[in-house]
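Residues per chain are reported as follows:
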Amino acid sequence: GQQVMQIPQYQHVQEGEDFTTYCNSSTTLSNIQWYKQRPGGHPVFLIQLVKSGEVKKQKRLTFQFGEAKKNSSLHITATQTTDVGTYFCARPGGGKLIFGQGTELSVKP
Amino acid sequence: DAGVTQSPTHLIKTRGQQVTLRCSPKSGHDTVSWYQQALGQGPQFIFQYYEEEERQRGNFPDRFSGHQFPNYSSELNVNALLLGDSALYLCASSFGFKEFTSGSPLHFGNGTRLTVT
């Protein structure tokens, strides 16, 4: 259906290690968005990807949109404790934004 | 420039009661969407309001209803509360309904934590 699947559900890393979360759809996406939700907070928009094969960077964060526009990834280089939170991908569908289940990242100092 | 504001921040209700949650969108935004987020889950779309009308609705029963006012603020009402309604209720705003169908980014409020006992 319209769901987007995110893996992994949880990721525990040592500070300084890299982190990657993946978002997969069974159907072609017009675009994909990424949000971050800190513990006890609300989702905050990070980025939107639109073009096939698009790669965007925000400091240590690298976002990719697959060539077939069915998957996306978020990679964090050298994680820091400030990266802690849940990362959601979200896709438009039927006039609404549909969120994945999220990947919860914990960082051990 | 005020962001999305929601009230109250926390609420405790008893099964069977009714609740009203309120949201003021970010300045310049005219579209309001409501989401329910259970613990450990992603936000689930409830409905969306634009020009004071419900434009889209998710898979939620009629116990969930809403309203949008001329100043773009919005209310979410839930009747006959069930234990399963306990969740974080998030309001999100954006500009322009047409843009939303193509996936314009959402600005979320801090949410209302509803506990039903």
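Residues numbered from 1 in each chain as written. Chains lettered and ligands numbered in written order. Predicted model: local features only at pLDDT ≥ 70, side-chain atom pairs only at ≥ 80, totals over all residues. Heavy atoms only, no water.

### Quick word on the interface of chain A and chain B
Part 1: Taken together, the contact pairs 18 residues of chain A with 22 residues of chain B.
Part 2: For the pair chain A and chain B, the summed buried area comes to about 1,600 Å², and 51% of that belongs to carbon and sulfur atoms.
Part 3: There are zero salt bridges connecting chain A and chain B.
Part 4: Our count for the contact surface shared by chain A and chain B stands at five residue pairs in polar contact (both at pLDDT 80 or more). (Contact = heavy atoms within 4.5 Å. Buried area = accessible area lost by both parts, 1.4 Å probe. Salt bridge = Lys/Arg side-chain N within 4 Å of Asp/Glu carboxyl O. Polar contact = N/O pair within 3.5 Å; in protein donor to acceptor, adjacent residues only side chain to side chain.)

### So, the sheet that holds strand 1 (residues 5–7) of chain B
Residues and elements named next belong to chain B.
Part 1: Pairing is antiparallel in the open sheet, where four strands are placed in the order 1-3-8-7. At either end of the open sheet lies a strand with only one pairing partner, and these are strand 1 and strand 7 (64–68). Sheet twist, expressed as the average angle between the axes of neighbouring strands with direction ignored, equals 20 degrees. (Pairing = 2+ DSSP bridges. Helix = DSSP H or I, 4+ residues; strand = E, 2+ residues; numbered from the N terminus. Axes fitted to C-alpha atoms, helices over the stretch in contact; angles between N-to-C directions.)

### Brief notes about the sheet that holds strand 7 (residues 61–65) of chain A
Residue and element names in this part refer to chain A.
Part 1: Pairing is antiparallel in the open sheet, where five strands are placed in the order 1-3-8-7-6. Pairing within the sheet leaves two strands with one partner each, and these edge strands are strand 1 (4–7) and strand 6 (55–58). Strand-to-strand, the axes of this sheet are offset by a mean angle of 15 degrees, without reference to chain direction.
Part 2: Both strand 6 and strand 7 contribute to a ladder of four bridges, which runs antiparallel. Paired with Gln-58 across the bridge in strand 7 is Leu-61.

### Concerning the pairing of strand 5 (residues 44–50) of chain B
Taken residue by residue, a regular strand's side chains alternate between the two faces of the sheet.
All names here are of chain B.
Part 1: Counting buried residues along strand 5, six of its seven residues qualify, which places the element largely inside the surrounding structure.
Part 2: Of the strand pairs in this sheet, strand 4 (residues 31–37) and strand 5 are connected by six bridges, and their pairing is antiparallel. Counted as the bridge partner of Val-32 is Tyr-49 from strand 5.
Part 3: Connecting strand 4 to the antiparallel partner strand 5 that follows it, the hairpin turn spans six residues, and Gly-40 within it adopts a positive phi of roughly 80 degrees.
Part 4: Bridging between strand 5 and strand 6 (residues 53–57) involves four bridges; their strand directions are antiparallel. When the bridges of strand 6 are listed, Tyr-50 appears paired with Glu-53.
Part 5: Following strand 5, the chain reverses through two residues before pairing antiparallel with strand 6; Glu-51 in that reversal takes a positive phi of roughly 50 degrees. (Buried < 20%, exposed > 50% of the residue type's maximum accessible area, 1.4 Å probe, protein only.)

### A look at the state of the cysteines
Part 1: Counting across every chain of the model gives two disulfides over all chains.
Part 2: Sulfur-sulfur distance for the disulfide between Cys-23 of chain A and Cys-89 of chain A comes to 2.0 Å. Measuring handedness by torsion sign, the sulfur bridge of Cys-23 of chain A and Cys-89 of chain A sits at about 75 degrees and is right-handed. With Cys-23 of chain A in strand 3 (residues 19–25) and Cys-89 of chain A in strand 9 (residues 85–93), the pair connects residues that are 66 residues apart, well separated along the chain. Take Cys-23 of chain A and Cys-89 of chain A: they sit in the same class, and that class is buried.
Part 3: Paired through a disulfide, Cys-23 of chain B and Cys-91 of chain B show a sulfur-sulfur distance of 1.8 Å. On the S-S bond that ties Cys-23 of chain B to Cys-91 of chain B, the torsion sits near -60 degrees, and the link is left-handed. Of this pair, Cys-23 of chain B sits in strand 3 (residues 19–24) while Cys-91 of chain B sits in strand 9 (residues 87–94), and the two are 68 residues apart along the sequence.
Part 4: Residue classification places Cys-23 of chain B among the buried positions, given a relative accessible area of 2%. (Disulfide = S-S within 2.5 Å.)

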